[in-house]
Amino acid sequence: RLFLCRLQRRNFVLNDKKIVVRPGIVYLFGGILCIAVGFFMFWGLGQALPSDDSVTAEIVRWLLLLFILIIGLYSILFFSLSKIQLDDENISINKFPLKRRDYLWSEITHAKITNEALAYPCVIYAGEKKIAKIPRAFIGYEKLLNELDRRNILWQDDLYVEARIILEMDKVKIRDLFRKG
């Protein structure tokens, strides 16, 4: 628990003027889980696959392991190398595996919340070009919305209201829902 608190505290604000938005811890756990499942599948297929052609079975096992390891490593690298920094002058977007891109606030034309399976991602545009899509699972999502609101960039439609309600619901702990009067 102490690790998660330190991780969240480190990711929110670098100093008073810089906001950092990072992928949520779900991406890290997903990558680790994917790698673990890959190894168990590799081991299980080696135990359970009766095959007339042992060379083919071995190749299939190794290819499956390689495929799952690549997915898991991508997820872990995405978690550790992706971030969006907001400061007074610009937005800096560093998404793995793409290069870092910097945009001045004057280049940002608008941002809006889209309706995608209760994730309510915030999509930021520079002109007609979509430059970032930040889902609700990212650490610092609420601070991003607050900053975009402060700069009058975020469209405030029905989806915006729904996203704000969902953010408030995320703060409620499950045990509080079942607490007696």
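Going by the structure above, here's the rest.
This structure is a prediction, so every number in the text was calculated from the model and none was measured. (Residues numbered from 1 in each chain as written. Predicted model: local features only at pLDDT ≥ 70, side-chain atom pairs only at ≥ 80, totals over all residues. Heavy atoms only, no water.)

A. Seen up close, the pattern of salt bridges. On inspection of all chains with the given rule, the structure shows four salt bridges. Here Arg100 and Asp102 are joined by a salt bridge, their closest N and O atoms 3.5 Å apart. A relative accessible area of 52% means that Arg100 is categorised as exposed. For Arg151, the salt bridge identified is with Glu147, shortest N-O distance 2.8 Å. Overlapping salt bridges, with partners in common, bring together Glu147, Arg150 and Arg151 in one network. (Salt bridge = Lys/Arg side-chain N within 4 Å of Asp/Glu carboxyl O. Buried < 20%, exposed > 50% of the residue type's maximum accessible area, 1.4 Å probe, protein only.)

B. Broad picture of the packing of aromatic side chains. Under the counting rule described, the total for this entry stands at five aromatic pairs. Here the aromatic cluster, defined as three or more aromatic residues joined through ring pairs, consists of Tyr27, Tyr74, Phe78, Phe96 and Phe138. Taking NZ or CZ as reference, Arg151 lies 4.1 Å from the ring centre of Trp105, over its face. (Phe/Tyr/Trp six-rings, centres within 6.5 Å; stacked < 30°, edge-to-face > 60°. Lys NZ or Arg CZ within 6 Å of the ring centre and 35° of its normal.)

C. Structural view of the environment of Leu145. The topology assignment puts Leu145 in helix H4 (residues 141-150). Its relative accessible area of 0% is what places Leu145 among the buried residues. Separated by 19 residues in sequence, Leu145 and Arg164 have C-alpha atoms that sit 9.0 Å apart. With residues up to four places along the chain from it excluded, the contact list for Leu145 reads Ile113, Cys122, Leu154, Arg164 and Leu167. (Helix = DSSP H or I, 4+ residues; strand = E, 2+ residues; numbered from the N terminus. Contact = heavy atoms within 4.5 Å.)

D. The arrangement of the side chain of His110 in detail. By the element assignment, His110 lies in strand S6 (residues 110-113). What makes His110 buried here is its relative accessible area of 14%. Here the side chain of His110 touches Thr109 through a polar contact of 3.1 Å, side chain to side chain. The contacts of His110, once residues within four sequence positions are left out, are Val123, Ile124, Tyr125, Gly127, Ile153 and Trp155. (Polar contact = N/O pair within 3.5 Å; in protein donor to acceptor, adjacent residues only side chain to side chain.)

E. Inspection of the nonpolar core at higher detail. By size, the foremost hydrophobic cluster in this structure holds 31 residues, and its most contacted members are Ile113, Cys122, Ile124, Ile134, Tyr141 and Leu148. Elements that contribute at least two residues to this core include exactly strand S2 (18-21), strand S3 (83-86), strand S4 (90-94), S6, strand S7 (122-126), strand S8 (129-134), H4 and helix H5 (158-171). Ranked by the residues each element gives to this core, the list is headed by H5, at five residues. Not counting chain neighbours up to four residues away, the residues in contact with Ile113 comprise Tyr120, Pro121, Cys122, Tyr141, Leu145, Leu154, Leu159, Tyr160 and Ala163. (Core = buried A, V, L, I, M, F, W, Y, C linked by side-chain atoms within 4.5 Å.)

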